[in-house]
Structure formats: C-alpha cells, structure tokens
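If you want the building blocks of each chain, they are given just below.
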Amino acid sequence: AAKLAAITGGRSSKALRKIVSEALGHDILREFRSRDILSNPLVDDGGEKGEGGADGAETVLDAEEALDEGIAQIVALKKHVMDNDVDGSGALDEEEFLATIGALWTDWDASSLTRLFMQVDANSDGVVTWQELVT
C-alpha cells in the first residue's frame, strides 16, 4: 500500500481512474460495464457489486485492488516515458525509446528493442507516441 501511495502520489482510486480515462480518451469503467457480464465487480457507483456474500465481497475487493494496481502501473509507466522524453517532444525517438524500454526490459538486447520500436511506431514517423505505445 505504501509503494502504491508513493507511485500514485496518494491520489484516490477514483481520481486515478479519471486521470487514466482522460489520458486514454475513454472511460475505462464504461468499457468494463459494456461487456456482457452479469455482475460487474468493478462498478463503484452504487450499481451491482456481485453476488455471493463474503466471498463475493472479497472478490469485489480483489478486483478493485487489481484495477487500482493496474492503473497505478499505467500512471508509473506514463511518468517513466515522460521522464525519458529528453527533447520534450511528447514522443520518444528511437534512442529515447531504447533507453526507456531498455531500462524496464533489461533482458532485451538493442536489436530486439529496435525491432520493437519499428513495430510500435505505427505510422513510421520515427517516433513513438504514448498512444502508439499503449495500443
């Protein structure tokens, strides 16, 4: 919990969901709600919270904690990417990409990271935007 608070700056899970939704350009919870699921444990606005007594409540908490952790990881990744955007262009050129992703995936060699860069650079403009990275 302390590590999560340090990564998220102490923000609430609702605040983090809003930040991520705005960054992704869509409401992440709306996407989950739109799935064909009888009882969605991710709804936190007074809707159905699942069934099954204590086990159901525990499942809801586990799902919400997993979602919160996932959001925290996305926020941390976004911060890492922004911190490594040396030229401040809002996108990573190949050198910045290799340094950024190489720091995370230390078992990948430079040629593998270069191939990944070319695959992620969807429009082949020589830079990887946040949108290209997460899609």
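Further up the page is the structure itself.
Residues numbered from 1 in each chain as written. Predicted model: local features only at pLDDT ≥ 70, side-chain atom pairs only at ≥ 80, totals over all residues. Heavy atoms only, no water.

S.K.: Could you clarify how one ought to interpret the overall build of the protein chain in this entry?
M.R.: Within the protein chain, the secondary structure is distributed over 7 helices and 2 strands. Across the 135 residues in the protein chain, those meeting the buried criterion constitute 27%. Counting contacts in the protein chain only where the partners sit at least 6 residues apart, residues at least 24 apart contribute 40% of the total. Of the roughly 8700 Å² of accessible surface on the protein chain, 55% is carried by carbon and sulfur atoms. (Helix = DSSP H or I, 4+ residues; strand = E, 2+ residues; numbered from the N terminus. Buried < 20%, exposed > 50% of the residue type's maximum accessible area, 1.4 Å probe, protein only. Contact = heavy atoms within 4.5 Å. Areas by Shrake-Rupley, 256 points an atom, 1.4 Å probe, with all protein chains shown as cover.)

S.K.: Would you take a moment to explain helix α6 (residues 110-120) for this structure?
M.R.: Here α6 has its buried residues at Ser112, Leu113, Leu116, Phe117 and Val120. Buried positions in α6, seen along its axis, are confined to an arc of 145° and lie on one side of it. In this structure, the buried residues of α6 make contact with β1 (91-93), α5 (94-104), β2 (127-129) and α7 (130-134). (Arc of directions from axis to C-beta.)

S.K.: Can you help me understand the packing of α5 against α6 in this one?
M.R.: The description of two helices packed together rests on the angle between their axes and the distance between the axes. Remark: α5 packs on α6, axes separated minimally by 10 Å, with the N-to-C direction vectors making an angle of 115°. In this structure, the crossing between α5 and α6 has a hand that is right-handed. Touching Glu94, Phe97, Leu98, Ile101 and Gly102 of α5 are Ala110, Leu113, Thr114, Leu116 and Phe117, all from α6. For the contact of α5 with α6, the per-class residue count stands at 7 nonpolar, 2 polar and 1 charged. (Axes fitted to C-alpha atoms, helices over the stretch in contact; angles between N-to-C directions. Left-handed = near helix turned anticlockwise from the far one by under 90°. Nonpolar A, V, L, I, M, F, W, Y, C, P; charged D, E, K, R; others polar.)

S.K.: In this structure, what is going on with the side chain of Ser112? I would like to understand it.
M.R.: As for its position among the elements, Ser112 is in helix α6. You can call Ser112 buried: its relative accessible area is 18%. Engagement of the side chain of Ser112 in a polar contact is seen with the side chain of Arg115, the distance being 3.3 Å. (Polar contact = N/O pair within 3.5 Å; in protein donor to acceptor, adjacent residues only side chain to side chain.)

S.K.: Looking at this structure, how should I read the environment of Glu132?
M.R.: On the secondary structure map, Glu132 appears in helix α7. Sequence separation of Glu132 and Ala122 is 10 residues, and the distance between their C-alpha atoms is 6.5 Å. If we skip the residues at most four places from it in the chain, Glu132 touches Val120, Asp121, Ala122, Asn123 and Val127. Separated by 3.1 Å, the side chain of Glu132 and the backbone nitrogen of Ala122 make a polar contact.

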